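Listed here are the chains, written in short residue letters.
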Protein chains: 2
Amino acid sequence: MACHPALRFGTVSMLVLAASAASASDLQEQARELFEPVPSTIPALRDNPVTPEKIDLGKALFFDPRMSASGVFSCNSCHNLATGGDDNMPVSIGHGWQKGPRNSPTVLNAVFNIAQFWDGRAEDLAAQAKGPVQAGVEMANTPENVIATLNSMPQYVEWFTASFPEEADPVSFDNFAKAIEAYEATLITPAPFDAYLNGDEAALSEDQKEGLALFIDKGCASCHNGVNLGGNGYYPFGLIEKPGADVLPPDDMGRFAVTETADDSYVFRASPLRNIELTAPYFHSGVVWDLKAAVQIMGDSQLGADITEDEADKIVAFLRALTGEMPEVVYPILPVETAATPRPTGEVLP
Amino acid sequence: MACHPALRFGTVSMLVLAASAASASDLQEQARELFEPVPSTIPALRDNPVTPEKIDLGKALFFDPRMSASGVFSCNSCHNLATGGDDNMPVSIGHGWQKGPRNSPTVLNAVFNIAQFWDGRAEDLAAQAKGPVQAGVEMANTPENVIATLNSMPQYVEWFTASFPEEADPVSFDNFAKAIEAYEATLITPAPFDAYLNGDEAALSEDQKEGLALFIDKGCASCHNGVNLGGNGYYPFGLIEKPGADVLPPDDMGRFAVTETADDSYVFRASPLRNIELTAPYFHSGVVWDLKAAVQIMGDSQLGADITEDEADKIVAFLRALTGEMPEVVYPILPVETAATPRPTGEVLP
């Protein structure tokens with residue numbers, strides 16, 4: 001119920017804003033209460049110090065298709081850094097040409113989400129990284145085979161040792177996941193909206209500012225707030241009016257599968273909106289290709305708000321101000337296999 | 001018949017070697033007669049001037065999975081620049097989880113091959129680039145859909161216009177292929193063996209020099225010579241003794257399918273050997289994972305030479321001196337789709 005319009009403008013401490021508030025417009029001040037810019041440095045991770053060695057290792061793992069049973073898919077296949085950190089498909093195609101159950105979300109800025117996956121079932125990116133690699137319809141691998149693959153290549157063993165120098169047994173599935181998490185923490189994309197929040201009134205166009213004001217006034221920011229304008233809370237999809245079965249398939253009950261609590265039926269993590277311009281199609285069902293249409297569906301289903309064509313255009317203009325600058329990614333050179341490396345297999349197990 | 005041992009040491013002009021021959025060892029001189037180092041600049045292409053704009057466009061196309069019908073495969077999927085320019089599978093997995101008929105060769109230094117594909121059916125890399133994108137078991141796309149996809153994204157249209165500035169209709173399937181060819185021409189990997197050919201006697205270890213001498217003396221260099229130590233001529237696989245049906249499947253008659261000449265039965269382009277350490281499994285059938293085993297099969301089938309274990313080890317040591325330095329590849333940021341972009345489809349047509 002946190003997104004009920006009455007709760008829209010909760011009490012927010014103004015202390016942190018005091019320093020620069022003098023020169024800020026009302027809209028800018030209002031935005032600073034609701035949203036946060038991405039930080040200028042790589043965020044710290046719980047129980048996982050981010051080091052240059054770990055980032056490099058994580059990048060190699062992220063791009064290595066040998067982490068899948070078939071040798072076809074890497075993390076980057078469905079979270080492609082060339083195309084907004086996702087794969088631009090309704091649902092991903094994985095092992096054996098099987099389709100995944102939900103749209104692949106972007107990995108960009110995912111470190112700022114409160115939890116991972118559409119239903120928040122992974123508490124952090126390290127927990128998330130262990131999922132797709134084992135999912136039968138995605139990479140269809142096993143932790144044992146991942147570790148055997150990594151141990152078969154001396155270069156990987158060296159990199160793990162350098163990344164986890166205190167550990168007697170550095171090549172582990174936990175550390176595989178931690179290295180990927182460390183790399184993903186670097187995938188932060190400062191956008192014009194951050195410049196605006198950081199004090200540059202001119203960083204948004206007039207249309208974008210009107211869109212921002214509408215985004216706040218209509219109630220979008222009730223669920224889509226914080227650093228990622230979403231990704232930090234759980235809400236029923238169809239709070240006011242359930243969308244059609246194509247957009248909200250009845251058999252995917254969202255967070256209910258995680259908590260087994262009736263209240264969580266059709267509850268999903270509010271989608272983070274950074275780089276939303278780059279990550280069509282939209283929603284967990286991945287059936288809506290047009291961003292304006294997605295905005296209007298949200299207006300109907302979550303807010304009961306009458307969003308006009310012109311208003312939707314302005315909100316979309318604002319959302320485009322969330323398209324950030326990608327960090328430069330030098331494509332990794334991966335370790336070469338040895339005789340001990342498990343062979344790829346495209347076999348589909350029943 | 002060009003690889004008959006009697007033809008091993010043909011007449012080669014010594015003129016180009018005169019300048020530095022004074023300080024070169026006999027082995028070095030012999031090597032310079034048979035092999036050529038990679039050039040220090042991007043090679044010129046026929047009818048396709050290489051410009052920075054075209055290279056950047058070609059790189060984007062090379063990495064863009066939207067060039068496939070499904071949105072799953074890019075050129076880089078099977079010619080992965082992270083893993084030696086190939087995919088480390090016996091045969092690639094493509095559209096609908098179908099398997100390709102032959103092992104994917106490396107794209108690295110492919111510009112120096114006399115023609116492309118195992119049977120040389122494409123005269124150059126531009127002709128090659130048009131193949132997999134249309135092959136039903138690979139990317140399963142059509143030229144029309146590729147062009148519609150490119151035209152739907154203004155950024156691509158701009159890039160084509162900048163790459164082919166003289167042309168009224170720059171976004172064409174021919175230019176798609178030319179841009180990829182231009183990018184691939186940059187994928188050259190200077191190796192220790194090039195340093196050796198260029199005059200650095202110390203660039204090879206003693207084992208590698210012995211391996212080089214064996215590579216020449218046993219007759220390997222009869223077919224594997226030139227810049228790519230192969231890739232420049234066609235030879236029957238099984239000249240002396242046909243290998244087993246696993247290595248040489250009877251239903252793949254190689255160049256016969258191209259020329260329809262009986263003499264071309266089981267004739268293939270001699271495999272280029274640069275970066276061979278990185279591109280297991282070997283042969284067009286992709287069934288041999290061990291490089292030493294591959295060397296021994298070649299000794300038996302092509303030369304009738306008795307290659308001892310020790311000799312094979314030394315030849316492998318030499319082949320490792322062909323592992324080159326990859327150019328740094330900055331991962332591209334691809335244009336974003338629009339409402340006009342054709343949707344990906346994983347559907348497998350009969």
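As the structure is a prediction and not an experimental result, all values here were calculated from the model.

Observations concerning the interface of chain A and chain B
- Each partner contributes to the interface: chain A provides 36 residues, whereas chain B provides 36 residues.
- A buried area of about 3000 Å², summed over both sides, lies between chain A and chain B, and 69% of it is on carbon and sulfur atoms.
- Remark: the boundary between chain A and chain B carries zero salt bridges.
- Our count for the chain A to chain B interface comes out at twelve residue pairs in polar contact (both at pLDDT 80 or more).
- Grouping the constituent residues of the side of chain A that touches chain B by class yields 21 nonpolar, ten polar and five charged.

A short note on the UniProt feature "binding site: heme c 2" (unreviewed entry) in chain A
Residue and element names in this part refer to chain A.
- Within this structure's numbering, the places UniProt gives as "binding site: heme c 2" (unreviewed entry) are C220, C223, H224 and M298. Their sequence span is 79 residues, while the largest C-alpha to C-alpha distance among them is just 11.2 Å; these annotated residues converge on one region.
- Turning to its location among the elements, C223 is positioned in the loop between α9 (206-217) and β1 (234-236).
- A relative accessible area of 10% places C223 in the buried class.
- According to the relative accessible area criterion, H224 is buried, its value standing at 11%.
- Here H224 is in contact with F35, F215, L229, G230, A270, S271, L273 and M298, once residues within four sequence places are set aside.
- Side-chain polar atoms of H224 contact the backbone oxygen of L229, separated by 3.1 Å.

Focus on the domain arrangement of chain A
Residue and element names in this part refer to chain A.
- When its domains are assigned, chain A resolves into domain 1 (25-40 + 190-321) and domain 2 (52-185).
- Of note, the centres of domain 1 and domain 2, computed from C-alpha atoms alone, are 27 Å apart.
- On the domain 2 side, the residues contacting the 28 residues of domain 1 number 23 residues.
- Summed over the three residues of domain 1 that lose the most area to domain 2, namely N228, R269 and H284, the buried surface amounts to 26% of that side.
- Between R102 and D252 there is a salt bridge whose closest N-O contact spans 2.7 Å.
- Joining domain 1 to domain 2, the criterion identifies ten residue pairs in polar contact (both at pLDDT 80 or more).

Criteria and thresholds
Residues numbered from 1 in each chain as written. Chains lettered and ligands numbered in written order. Predicted model: local features only at pLDDT ≥ 70, side-chain atom pairs only at ≥ 80, totals over all residues. Heavy atoms only, no water. Contact = heavy atoms within 4.5 Å. Buried area = accessible area lost by both parts, 1.4 Å probe. Salt bridge = Lys/Arg side-chain N within 4 Å of Asp/Glu carboxyl O. Polar contact = N/O pair within 3.5 Å; in protein donor to acceptor, adjacent residues only side chain to side chain. Nonpolar A, V, L, I, M, F, W, Y, C, P; charged D, E, K, R; others polar. UniProt positions renumbered as here; feature names shortened; annotations may be inferred. Helix = DSSP H or I, 4+ residues; strand = E, 2+ residues; numbered from the N terminus. Buried < 20%, exposed > 50% of the residue type's maximum accessible area, 1.4 Å probe, protein only. Domains from an automatic or database assignment.

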